[in-house]
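Descriptive structure summary
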Amino acid sequence: MRLGWFLGLLLVCWQSAAAATASPQTLADLQRQLTAAPTLRAHFVQLKRVSGLAQPLRSSGELLFSRAHGLWWHQTEPFELTLTLDERRLVQQLAGQAPEAIRADTNPQLFEFSHLLLSLFSADQQTMEQHFTLAFTPAPQAWTLQLTPKQPPLNQVFAQLEMQGSLELQQLLIRDRQGDETQLNFSAIQHVPEELTDVEQRRFAD
């Protein structure tokens, strides 16, 4: 499973926000702002900087996040890859291949890790502080939140996460334990309609 998938789980949970008129000035304000809307549609671009490579690895695509249904992550470049996560399963499908479903009984560690990341930021501040040391910096037009993992499995994968945004989460910078760095950017963010269309609902169907 690609690291970018897990990074996306972090992003969409914070990104699912209702429209706001001012940059949040406290961590509590930020959490209320960024967990208000039930649905998110967005375009993403991921840049992964790996030691020894002159140019970052780039991938892009679109995502759909619904608090009622789960996450649909569709990478279109440099190759097509679809990932779907809900309460029961994690499904990965490469273009032209049969889908591969991962459930709690077949790979409990991966399933638990995925759901920890998916649900962590829709929880309260107390839950966040259980897993991370938080450093929030407000500004008139923007904010920065640094998260340092405290315990396994997160601190075995991530060294630090840094989120930046204003009215929406705009960027997530990840530093992993291998010394590599991944940057995820979001654009074309939409929260309406709040209900999924028929086409979108079928993405979560068995």
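Remember, it's a predicted structure, so these values are computed and weren't measured experimentally.

A side chain with one charge can pair with a side chain of the opposite charge if their charged atoms come near. Summed over all chains, the structure comprises five salt bridges. Between Arg49 and Glu181 there is a salt bridge, with its nearest N and O atoms 3.8 Å apart. One end of the pair, Arg49, is in strand 1 (residues 39-49); the other, Glu181, is in strand 11 (residues 181-190), with 132 residues separating them in the sequence. When salt bridges with common partners are traced through the structure, they connect Arg49, Arg175 and Glu181 into a single cluster.

This part is about the packing of aromatic side chains. Evaluated as defined, the whole model comprises one aromatic pair. Look at Phe44 and Trp73: their rings are 4.0 Å apart centre to centre, the planes differ by 20°, and that puts the pair in the stacked class. Taken together, the positions of Phe44 in strand 1 and Trp73 in strand 3 (residues 70-77) put the pair 29 residues apart, joining distant regions of the chain. Across this residue pair, the class does not change: Phe44 and Trp73 are buried. Its end group placed over the ring of Trp72, Arg203 keeps NZ or CZ at 3.8 Å from the ring centre.

This part takes up the nonpolar core. Core analysis: the biggest nonpolar cluster contains 13 residues, and Trp143, Leu145, Leu147, Leu161 and Met163 have the highest contact counts within it. Of all the secondary-structure elements, those providing two or more residues to this core are helix 2 (27-34), strand 8 (143-149), strand 9 (158-165) and strand 10 (169-176). Counting residues in each nonpolar core, the second largest holds 11 residues, with Phe44, Phe65, Leu71 and Trp73 among its members.

Moving on to the pairing of strand 8. Of the two faces of strand 8, the one holding Trp143, Leu145, Leu147 and Pro149 is buried and the one holding Thr144, Gln146 and Thr148 is not buried anywhere. Hairpin connection between strand 7 (residues 132-138) and strand 8: a loop of four residues separates the two successive antiparallel strands. Where strand 8 lies against strand 9, five bridges are found, and the strand directions are antiparallel. Paired with Gln146 across the two strands is Glu162, which belongs to strand 9.

Here is what the cut-offs are and how they apply
Residues numbered from 1 in each chain as written. Predicted model: local features only at pLDDT ≥ 70, side-chain atom pairs only at ≥ 80, totals over all residues. Heavy atoms only, no water. Salt bridge = Lys/Arg side-chain N within 4 Å of Asp/Glu carboxyl O. Helix = DSSP H or I, 4+ residues; strand = E, 2+ residues; numbered from the N terminus. Phe/Tyr/Trp six-rings, centres within 6.5 Å; stacked < 30°, edge-to-face > 60°. Buried < 20%, exposed > 50% of the residue type's maximum accessible area, 1.4 Å probe, protein only. Lys NZ or Arg CZ within 6 Å of the ring centre and 35° of its normal. Core = buried A, V, L, I, M, F, W, Y, C linked by side-chain atoms within 4.5 Å. Pairing = 2+ DSSP bridges.

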